[in-house]
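Given next are the chains, with one letter for each unit.
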Amino acid sequence: MLSERRLQVLRAIVQDYVGTEEPVGSKALTERHNLGVSPATVRNDMAALEDEGYIAQPHTSAGRIPTDKGYRLFVDKLAGVKPMTAPERRAIQNFLEGAVDLDDVVARTVRLLAQLTRQVAVVQYPSLTRSTVRHVELLSLAPARVMLVLITDTGRVEQRMVDCPAPFGEASLADLRARLNSRVAGRRFTDVPKLVEDLPDAFEPEDRGTVSTVLSTLLETLVEENEERLMIGGTANLTRFGHDFPLTIRPVLEALEEQVVLLKLLGEAKDPGVTVRIGHENAHEGLNSTSVVSVGYGSGGEAVAKLGVVGPTRMDYPGTMGAVRAVARYVGQILAES
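Below: a short report on this structure. What you are looking at is a predicted structure, and each value in this text was computed from that prediction instead of being measured.

Turning to the overall build of the chain, a few remarks are in order. Scanning the chain from terminus to terminus reveals 12 helices and 10 strands. Expressed as lengths along the three principal axes of its C-alpha atoms, the size of the chain is roughly 90 × 40 × 35 Å. Just so you have it, the chain exposes about 16,200 Å², and 50% of that area is on carbon and sulfur atoms. Separation of charge centres in the chain, based on 38 positive and 45 negative side chains, amounts to 7 Å.

See below:
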């Protein structure tokens, strides 16, 4: 266990290196921070931190910089989440409230996160498997053709055409719409098959084939492996950090192009808290020089997807964690109200 003073020295090194981009020496630390000890004592503390792998010397003439292990201790023990100011919160709310649909919410969220953090922003679309049914609409297009529209609690809309085995009248269609919504509205997708299995029995024998066809289209829509979609923005922000990436930025850009890598990075949506992965904690080799800060978002207190940012390990962790958390909260509110 590190002593309280050495923890303070580590915190000062991280703060100075993030702020100045320069390796930090003992003299600068004692001048900038009220550590209450001499430069010689700080030098000893830095030597101990280096021996334990929390800081490193990038080249012989330089001061010290934090390692992945040092940043991890800083995030876990030394850094709080920096709350957004009232004007910042208002700006987030106003910007997101102008969204017209789910695509617009996701696009605005990406733009906002990239601007607030000046990192690369990644937002996952809400997953259908974790959603509930808000409403099912059935529209007659021809005597034996129906359009099925599924609307989810996250504002996602799925449309399907249904070719019926026989003509189906407006009155029967209205009856099916009412019975269907009374059973499935507000229910989890996973519960729906059980809730509608005996619904055809409530109709006249000549209509049961059509009711079954409409229901199987609905169930196919629910269980379809909807491709997990992502939106990414602010990649150009990485060019500001060229010197933070050893050799070249290309491996980072290549990793960001792989959707599967990004989904793994964001992690499971059911973990709603702020997650920070630092440097080599990211399994993908191209992202070993980056940190990822992510959080779940959703309506009604349940996470349905993740959003986050990717940037260099030399990151303002308290500020980034605060921005990611605040944006997720507002996106959740907008989904709940939409």
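What follows deals with helix α6 (residues 102-117). Relative to the 22 Å expected for 16 residues at 1.5 Å per residue, α6 spans 22 Å between its end C-alpha atoms, a close match to the ideal helical length. Looking at α6, one finds that the buried residues are L102, D104, V105, V106, R108, T109, V110, L112, L113, A114 and T117. As for α6, its buried residues are in contact with α5 (86-97), β3 (120-124), β7 (230-233), β10 (305-312) and α12 (317-337). If you check the start of α6, you find a side-chain oxygen 3.3 Å away from the backbone N of D103, and it comes from D101. A positive backbone phi angle near 55° is found at R118, which sits one or two residues after α6.

For the pair helix α4 (residues 68-78) and α12, the least separation of the axes is 11 Å and the interaxial angle reads 55°. Judged by the inter-axis angle, α4 sits oblique to α12. For the pair α4 and α12, the sense of crossing is right-handed. Counting all contacts with α4, which are made through Y71, F74 and V75, the residues of α12 involved are Y317, P318 and M321. In terms of residue class, the contact of α4 with α12 is made up of 6 nonpolar, no polar and no charged.

Take the packing of helix α1 (residues 4-20) against helix α3 (residues 39-51) next. Closest axis-to-axis distance for the α1/α3 pair is 10 Å, and the angle between their directions is 85°. In this view, α1 runs roughly perpendicular relative to α3, as classed from their interaxial angle. Where α1 approaches α3, its residues R5, R6, V9, L10 and I13 are matched on the opposing element by T41, N44, D45, M46, A48 and L49.

Attention now goes to a positive patch on the surface. On the surface, R89, R90, R325 and R329 cluster together into a positively charged patch. Those elements giving two or more residues to the positive patch turn out to be α5 and α12. As for its position among the elements, R329 is in helix α12.

Inspection of the secondary structure assignment puts L150 in strand β5 (residues 145-152). Exposure remark for L150: the relative accessible area of 0% places this residue in the buried category. L150 sits 55 residues away from P205 along the chain, and the two C-alpha atoms are 26 Å apart. Ignoring anything within four residues of it in the chain, the contact list for L150 reads V133, H135, V136, R156, V157, E158, F189, L218, T221 and L222.

Positionally, G233 belongs in strand β7. You can call G233 buried: its relative accessible area is 12%. It is 10.0 Å that separates the C-alpha atoms of G233 and R108, two residues lying 125 residues apart in sequence.

What counts as what
Residues numbered from 1 in each chain as written. Predicted model: local features only at pLDDT ≥ 70, side-chain atom pairs only at ≥ 80, totals over all residues. Heavy atoms only, no water. Helix = DSSP H or I, 4+ residues; strand = E, 2+ residues; numbered from the N terminus. Areas by Shrake-Rupley, 256 points an atom, 1.4 Å probe, with all protein chains shown as cover. Lys, Arg positive; Asp, Glu negative; His and termini not counted. Charge placed at Lys NZ, Arg CZ, Asp CG, Glu CD. Expected span 1.5 Å × (residues − 1). Buried < 20%, exposed > 50% of the residue type's maximum accessible area, 1.4 Å probe, protein only. Contact = heavy atoms within 4.5 Å. Polar contact = N/O pair within 3.5 Å; in protein donor to acceptor, adjacent residues only side chain to side chain. Axes fitted to C-alpha atoms, helices over the stretch in contact; angles between N-to-C directions. Parallel < 35°, antiparallel > 145°, perpendicular 65-115°, else oblique. Left-handed = near helix turned anticlockwise from the far one by under 90°. Nonpolar A, V, L, I, M, F, W, Y, C, P; charged D, E, K, R; others polar. Patch = residues over 30% accessible without salt bridge, like charges linked within 9 Å, V, L, I, M, F, W, Y side chains within 5 Å. Salt bridge = Lys/Arg side-chain N within 4 Å of Asp/Glu carboxyl O.

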